[in-house]
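Secondary and tertiary structure notes
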Amino acid sequence: MRTTLLLLLLLPLHALAGSSAPASASPTREHLAPSGWEGSYHGLHYTPVLKIGDRVIVSGIPAIVGTTDEEKIRWAFNQLKAHLEHAGATMADVVELHSYHVANDHAQFRARVEPVLKVHREFFTDHYPAWTAVGTTALFSEGAPMEIRAEAVIGSGARPRAQIAVPAPAPAPAAP
C-alpha cells in the first residue's frame, strides 16, 4: 500500500519533469561582429555572423576593398575567413556559399565570375562547399562587383569525404 501511494505521488513529478526539454538542449543563438563590422549590427540592424549551436551563418560580405575586381574579391574571401574564425569555424567548415554578381547580361555575368573562380580555388582547394552564383543589377555597397554569403558547420571540415568520380576527358576531334 505504501509503495502504491509513493508511486502515485512521484508519478506526477516524473511526468512534469519530462514535459519540457531542459534549456541546455536548445542551441544558443549568438550574434557576432568581427572588429570593424559592429556598425552593421547597430546601424543597419543585421548580424554579420550568427552562430546557432555548431551552425554559423555569415551575412553577405561585399567585395569593396582593392583596385581591381580580383583584389576586391580576395578581400571579401579574407573577410569571410575572419568572420568564420570569429565564430570558431574555418573555411574548411563552409558547407554552402551564395555569391551575387553585378551584371547586365549573361556574358557580363560570366566575365564577372572568372576572377571569383580564381580566388575561390585559392580558398577551397578540395572538398568544396555547395555554391549558388546569382546575377543581379545592383548590390547595397556601391562599386562592389560581388557579395558573398556563407554557412558553415563547426568541425565538419575535419574529416570530409568525397566519392565523386573524375569525369573522363573529352574525346579528341576526328582528323579530316
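What counts, and at which threshold
- Residues numbered from 1 in each chain as written.
- Predicted model: local features only at pLDDT ≥ 70, side-chain atom pairs only at ≥ 80, totals over all residues.
- Heavy atoms only, no water.
- pLDDT = per-residue confidence, 0-100.
- Contact = heavy atoms within 4.5 Å.
- Buried < 20%, exposed > 50% of the residue type's maximum accessible area, 1.4 Å probe, protein only.
- Helix = DSSP H or I, 4+ residues; strand = E, 2+ residues; numbered from the N terminus.
- Pairing = 2+ DSSP bridges.
- Salt bridge = Lys/Arg side-chain N within 4 Å of Asp/Glu carboxyl O.
- Core = buried A, V, L, I, M, F, W, Y, C linked by side-chain atoms within 4.5 Å.

**Considerations on the confidence of the model for the protein chain**
Mean pLDDT over the protein chain stands at 87; residues scoring 70 or higher make up 86%. Note on residues 3-20: pLDDT under 50 across the span, and 0 contacts to partners over four residues away in sequence or across chains.

**Here's the deal with the pairing of strand S3 (residues 55-62)**
When you tally the buried positions in S3, you get 7 out of 8 residues, the bulk of the element. In this structure, strand S2 (residues 49-52) lies alongside S3, joined through 4 bridges in antiparallel fashion. Directly across from Ile52, in S3, lies its bridge partner Arg55. Connecting S2 to the antiparallel partner S3 that follows it, the hairpin turn spans 2 residues, and Gly53 within it adopts a positive phi of roughly 60 degrees.

**Things to note about the pattern of salt bridges**
Under the criterion given, the structure shown has 6 salt bridges. Ionic pairing is found between Glu151 and Arg55, a salt bridge with its closest N-O pair at 2.8 Å. One end of the pair, Glu151, is in strand S6 (residues 146-153); the other, Arg55, is in strand S3, and 96 residues separate them in sequence. Judged by relative accessible area, which is 12%, Glu151 ranks as buried. Of the charged contacts, one joins Glu70 and Lys118 as a salt bridge, the two residues approaching to 3.1 Å between their closest N and O atoms. Of this pair, Glu70 sits in helix H3 (residues 69-86) while Lys118 sits in helix H4 (residues 106-123), and the two are 48 residues apart along the sequence. By relative accessible area, which is 24% here, Glu70 ends up partly exposed. Among the charged side chains, a salt-bridge network with shared partners connects Glu70, Arg74, Lys118 and Glu122.

**Thoughts on unusual backbone geometry**
For His45, which is not glycine, the phi torsion reads 65 degrees and is therefore positive. As for its position among the elements, His45 is in the loop between helix H2 (38-42) and S2. Of note in the backbone geometry, His127 takes a positive phi value of approximately 50 degrees without being a glycine. Along the chain, His127 turns up in the loop between H4 and strand S5 (130-136).

**Some thoughts on the nonpolar core**
Val56, Phe77, Leu80, Leu84 and Ile148 are the most contacted members of the largest nonpolar core, which totals 25 residues. Looking at this core, the elements that each hand over two or more residues are S3, H3, strand S4 (94-102), H4 and S6. Ranked by residue count, the leading element in this core is H3, at 5 residues. Residues in contact with Leu84, not counting those within four places in the same chain, are Val56, Val58, Ala89, Thr90, Met91, Val94 and Ala152.

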